[in-house]
Amino acid sequence: MSATAALDDIDTSTSRAASEYERERVPDSALKGPSAFWGMYAGEHTAGTEFMIGPLFVAWGADAMSLIVGLLLGNLLAVLTWRYLTATIACSERLTLYYKMEKIAGRRLVTLYNLANGLLFCFLAGSMITVSATAVGPFFPPGTIAMPTFASTMPTGAAWIASCVVIGAAMTLVALKGYGVVAQVGHFAAPWMFLVFVACALVTLGRLGTTDIWALLTPPAGTEQKISFLGVVCFSWFCNAAMHIGMADLSVLRFAKKPSAGWASAAGMFLGHYVAWICAALLLIYWVRQHGVDPTVGKDPGTMVNDAVGWAGLICVIIAGWTTANPTIYRAGLAFQGMIPGISRPGATLLAGGLCIAAGIFPAFAMNLLSFVGLYGTVLAPIGAIIVVDHFFADRLGIERDPAEHHGLTFNWSVLVAWLVPVGIAMYLYRAHDVFASYLPLPCAVACGLLYILLSRRRSAHAESPGFRRGLRGETHKACPQQARSGSDGTGMANTSSAPTMKTLACVFGLAALAGTIVPPALFLAKALPLEAVKSIMLVSTVVWFAAAPFWMKVE
């Protein structure tokens, strides 16, 4: 059952029926099983932007050691952060990031934070719209839609703008449906998307006539290396810093039954980021070697993927951007809802979607992703450190928990100073000394947490009794029992248990479709199947997959 549907069952007579518990704890009846999060993370992080990040690594001269070992280490650190920080706090508090911060920082300060948070999430989702829009061009005669390059910053024409508007509007409509639908979209698309990325790599290896990935990822002698091994580790760890260290994923993981749902991030980090980035890097390497493309200029994802696997690949680029933008727009909508009194979640989501579309029209965000994601993590991650202090260390250090709520504060100056001082120093280092943006989120978060402790201890003499400081902690450490459900399979869709034959047939067709997505490229690599046949089989398999998947893939 989706969160919205659950709330409708609880109270259909009030306006709360249209909410998703934005200003209250998520009740046990609305909690979701692990499959909802594995699918969501796999879908969100096997994204259209992966088609951009992999080639950007090539453009920046990353070597094979950095891409194969550095990415592995960085993504492992990201998973551990999600599991032991974000998911632990989310399942204890069961509040959105924005409402939790309001309790600590006060309404007026959270309004400022929500503005920064919502805008940065919109810019990120906009980059996903940009990538998806590059897949529209190959459906039309050459030259109909001018494609951007790594150097592009402005819209390339009216046709490009129209493509971004249509794709962005579709993404916003899905986000309007709430987290339940967002989880379903990622859940259904994730297995197929991952295989399309691998299929692109297999076809590319077949065309290049080698399976020596280490040699292919090694830049030619004399290539300027703009990113080091440590840079790749930090990028892969902190490209989602706002979501794990910055605690933005409190808003989705609050629906998890157990903190172990944090392990679901591994589906996105290793299948999406690690494998997908390397597969996407190979696409540009092929165009550099076989077509003489300048790696610093690059080639748009839509053209490269269409050339490799045809229309199935184009559909993947569109849907990959969609499954990532959906939860990002959802988060941005929650941020704006926390900022604007009285606005509904649908209204806030529409506002976020409009800003995302506007950002997507400009390719600058997508073409500078390696720097942009580090900067947005630098700005947003420090706030998460304040939540970490409040949750894990406040009682031990004699710091009051949720001080704004307790004292009726609307603006907690301790939070503002602890947040802006490290961020201001970091921005100076980035602009004046060209420090790589992904090196900044961790020291900023640590400095913010330490400053918050020092500033808050000055108020310790006014702290409430230990009974208050236990507050939510005493409630939130209770176990979260699994609610018995009947008449629903947890997806908000019709229960298919009465039709086992249909589910079995859908499962068979779905598995056959997945095989049809990955086996033909493998046969091409083995020189046993021509490329045009590969493209045709993959397209048919794509249609079959999306027809069959909703009937047998269950979201608990």
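Everything below is about the structure printed above this text.
Residues numbered from 1 in each chain as written. Predicted model: local features only at pLDDT ≥ 70, side-chain atom pairs only at ≥ 80, totals over all residues. Heavy atoms only, no water.

Once that is clear, we can look at the packing of aromatic side chains. Here the structure, examined in full by the defined rule, presents 20 aromatic pairs. Relative to W277, the ring of F235 lies with its centre 5.5 Å away and its plane at 50 degrees, an arrangement referred to as tilted. Within this pair, whereas F235 is found in helix α10 (residues 229-238), its partner W277 is found in helix α12 (residues 265-291), the two being separated by 42 residues in sequence. Exposure remark for W277: the relative accessible area of 1% places this residue in the buried category. Cluster of aromatic residues (ring-pair linked, three or more members): F121, F123, F365, F372 and Y376. (Phe/Tyr/Trp six-rings, centres within 6.5 Å; stacked < 30°, edge-to-face > 60°. Helix = DSSP H or I, 4+ residues; strand = E, 2+ residues; numbered from the N terminus. Buried < 20%, exposed > 50% of the residue type's maximum accessible area, 1.4 Å probe, protein only.)

Tracing the chain through its elements places M538 in helix α23 (residues 531-552). For the pair M538 and A515, spaced 23 residues apart in sequence, the C-alpha to C-alpha distance is 9.3 Å. Apart from residues lying up to four places away in sequence, M538 is in contact with V196, A199, V309, A312, G516, T517 and P521. (Contact = heavy atoms within 4.5 Å.)

Right, let's talk about the pattern of salt bridges for a bit. Taken as a whole and judged by the stated rule, the model has ten salt bridges. The shortest N-O distance in the salt bridge between D402 and K100 comes to 2.8 Å. Of the two residues, D402 sits in the loop between α17 (369-397) and α18 (403-407) while K100 sits in helix α5 (residues 97-105), which places them 302 residues apart along the sequence. Judged by its relative accessible area of 1%, K100 falls in the buried class. Between R401 and D390 there is a salt bridge, with the nearest N and O atoms lying 3.3 Å from each other. (Salt bridge = Lys/Arg side-chain N within 4 Å of Asp/Glu carboxyl O.)

Further remarks concern empty space enclosed by the protein. Counted according to the given criterion, the structure contains two cavities of 30 Å³ or more. Its boundaries defined by the atoms lining it, the largest cavity holds a volume of some 130 Å³. Taken together, 17 residues make up the lining of the largest cavity; nearest its centre are T49, L124, M128, N240 and H273. Of all the elements in the fold, those that place two or more residues in the lining of the largest cavity are α2 (34-45), α3 (50-59), α6 (107-133), α12 and α17. (1 Å grid on protein atoms, 1.4 Å probe; cavity = no way out; pocket = protein on both sides within 12 Å on 5 of 7 lines; lining within 4 Å. Points joined across faces, edges and corners; volume = space filled by probe spheres on them.)

Here the focus is helix α7 (residues 158-176). Along an α-helix, residues three or four apart share an orientation, since each turn contains 3.6 residues. Here α7 contains 19 residues, and its C-alpha end-to-end distance of 27 Å stays within 8% of the 27 Å for a straight helix at 1.5 Å per residue. Considered for burial, the residues of α7 that qualify are W160, S163, C164, I167, G168, M171, T172, V174 and A175. All buried residues of α7 fall inside an arc of 160 degrees around its axis, so they share one side. More than 90 degrees from the buried face of α7, the exposed residues found are A158, V166 and L173. (Expected span 1.5 Å × (residues − 1). Arc of directions from axis to C-beta.)

Estimates place the volume of the second largest pocket at around 300 Å³. As for the second largest pocket, its lining consists of 18 residues, and the residues nearest its centre are V58, P219, P220, T223 and P295. No other element matches α12, which puts three residues into the lining of the second largest pocket. Tallied by class, the residues present in the lining of the second largest pocket amount to eleven nonpolar, four polar and three charged. (Nonpolar A, V, L, I, M, F, W, Y, C, P; charged D, E, K, R; others polar.)

Geometric descriptors of this kind do not, in isolation, establish any biological role.
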